[in-house]
Amino acid sequence: MKHLTKICAGICLGLLAACSGGEDSSNSQTAVLKELRTVVKENRTSRKAPATKFQITRAILDLQTVGSLEVTVESTNQTAYLIPGAFRTDHMPGKIAVWRTITGENVVLREGVLISTRGLGRDLASSDASASLRAIKARGNGGGERRMQVRNDVNGAFDLLLQCETAVVGNESIDIIELRFQSLHLRETCQSTLGTVRNDYWVNHSGKVLQSRQWAGPDLGYLKIRLLK
């Protein structure tokens, strides 16, 4: 979580810097990352004045040629903006998107469902999203087991088995950076030896997750995730 705090200001300013490049190569993903590195380095060497709170706008997002994901750690209320680092598939259903910061922290989603994190501290090493995805794609009720592996400081990681049920909450309008979307709110309630946790997903008509609140383990807690672009 502390890593998100450190990188937030640099990433926000880097988005602004990347937008100013016009039609040249600075609009590429590589150039975006280069600009972000420069801003973070400058931030670390200059602490003369407190940073102005950054407010991302739709105009800024419209100038980007890569996607943008907003992640907020609920327990600390720290927010970071990530760009796609890689897309891949494996033997499980659903495309995997690796969203990353310039300093190497990752949030990994399978069709919008959180399956791992890296670099945030006591990370979510892995999570089986199969039952969740079935309910999301069907835009309806569902359920099944969910297996999570969470890193710790004792023996590397521990396994957690959850019994989950997904139910429809209802149709809702949501606002994401100056745009309003019609969505279906789904809530996944999971029971384990650690108690009850709930994951919320707001999905569009085709089953794409636009916004979510997902549990990343007992230490990280809940992440609020919004797909900005």
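Everything below is about the structure printed above this text.
Residues numbered from 1 in each chain as written. Predicted model: local features only at pLDDT ≥ 70, side-chain atom pairs only at ≥ 80, totals over all residues. Heavy atoms only, no water.

Novice: Would you mind showing me how to read the overall build of the chain here?
Specialist: Counting its regular elements, the chain contains 4 helices and 12 strands. Out of the 229 residues belonging to the chain, those deemed buried represent 48%. Within the chain, contacts between residues separated by at least 24 positions form 47% of all contacts whose residues are at least 6 apart in sequence. Summed over its atoms, the accessible surface of the chain is roughly 11,700 Å², and 50% of this surface lies on carbon and sulfur atoms. (Helix = DSSP H or I, 4+ residues; strand = E, 2+ residues; numbered from the N terminus. Buried < 20%, exposed > 50% of the residue type's maximum accessible area, 1.4 Å probe, protein only. Contact = heavy atoms within 4.5 Å. Areas by Shrake-Rupley, 256 points an atom, 1.4 Å probe, with all protein chains shown as cover.)

Novice: Help me understand the environment of Leu 133 in this model?
Specialist: Looking at where Leu 133 falls in the secondary structure, it is placed in helix H4 (residues 130–138). Since its relative accessible area comes to 7%, Leu 133 is described here as buried. As for Leu 133 and Gly 112, which are separated by 21 residues in sequence, their C-alpha atoms are 8.7 Å apart.

Novice: What's the story with the sheet that holds strand E9 (residues 179–192) in this structure? I'm lost.
Specialist: In sheet architecture, strand pairing relies on hydrogen bonds along the backbone and comes in two forms, parallel and antiparallel. An order of E5-E4-E3-E2-E1-E12-E11-E10-E9-E8-E7-E6 is seen for the 12 strands of this open sheet, with the pairing classed as antiparallel. On the outer flanks of this sheet lie strand E5 (113–118) and strand E6 (124–127), each paired with one strand and no other. Geometrically, the sheet is characterised by an average inter-axis angle of 30° between neighbouring strands, direction not taken into account. In this structure, strand E11 (residues 209–215) lies alongside strand E12 (residues 222–227), joined through 5 bridges in antiparallel fashion. If you follow Arg 213 over to E12, its bridge partner there is Lys 224. Of the strands in this sheet, strand E4 (106–110), E5, strand E7 (142–151), strand E8 (157–176), E9, strand E10 (195–203) and E11 touch H4, which is tilted by about 135° from E7. (Pairing = 2+ DSSP bridges. Axes fitted to C-alpha atoms, helices over the stretch in contact; angles between N-to-C directions.)

Novice: Explain the state of the cysteines to me, please; I cannot follow it from the model alone.
Specialist: A disulfide bridge is the covalent bond that connects two cysteines by way of their sulfur atoms. Evaluation of the coordinates by the stated rule reveals 1 disulfide. Disulfide partner of Cys 164: Cys 190, at an S-S distance of 2.1 Å. Disulfide Cys 164-Cys 190: the torsion about the S-S bond is 115°, which places it as right-handed. Of the two residues, Cys 164 is situated in strand E8 and Cys 190 in strand E9; the sequence distance between them amounts to 26 residues. (Disulfide = S-S within 2.5 Å.)

Novice: What's the story with the layout of surface pockets in this structure? I'm lost.
Specialist: Empty space among the atoms can be located by rolling a probe the size of a water molecule over them. Space inside the second largest pocket adds up to approximately 320 Å³. The wall of the second largest pocket is formed by 19 residues, among which Ala 97, Trp 99, Glu 111, Gly 112 and Leu 227 lie closest to the centre. Put simply, the parts of the chain that give the lining of the second largest pocket at least two residues each are strand E3 (96–100), E11 and E12. The biggest single contributor to the lining of the second largest pocket is E11, with 4 residues. Looking at the lining of the second largest pocket, its residues break down into 9 nonpolar, 4 polar and 6 charged. (1 Å grid on protein atoms, 1.4 Å probe; cavity = no way out; pocket = protein on both sides within 12 Å on 5 of 7 lines; lining within 4 Å. Points joined across faces, edges and corners; volume = space filled by probe spheres on them. Nonpolar A, V, L, I, M, F, W, Y, C, P; charged D, E, K, R; others polar.)

Novice: Explanation requested: the environment of Val 197 in the structure shown.
Specialist: Structurally, Val 197 can be placed in strand E10. Measuring from C-alpha to C-alpha, the distance between Val 197 and Cys 164 comes to 9.2 Å, with 33 residues separating the pair along the chain. Ignoring any residue separated from it by four or fewer positions in sequence, one finds Val 197 in contact with Leu 162, Glu 188, Thr 189, Cys 190, Trp 215 and Tyr 222.

Novice: Whenever I open this one, the side chain of Glu 188 confuses me. Can you help?
Specialist: Inspection of the secondary structure assignment puts Glu 188 in strand E9. Among the polar contacts listed, one links the side chain of Glu 188 to the side chain of Arg 146, at a separation of 2.9 Å. Within the local environment of Glu 188, its side chain forms a polar contact with the side chain of Tyr 201, the two groups lying 3.1 Å apart. (Polar contact = N/O pair within 3.5 Å; in protein donor to acceptor, adjacent residues only side chain to side chain.)

Novice: For this particular structure, what's the right way to read the packing of aromatic side chains?
Specialist: For the structure on display, the rule yields 0 aromatic pairs. Here the guanidinium or amino end of Lys 95 rests over the ring plane of Phe 87, the centre of that ring lying 5.9 Å away. The ring of Tyr 222 is capped by Arg 213, whose NZ or CZ atom sits 3.7 Å from the centre of that ring. (Phe/Tyr/Trp six-rings, centres within 6.5 Å; stacked < 30°, edge-to-face > 60°. Lys NZ or Arg CZ within 6 Å of the ring centre and 35° of its normal.)

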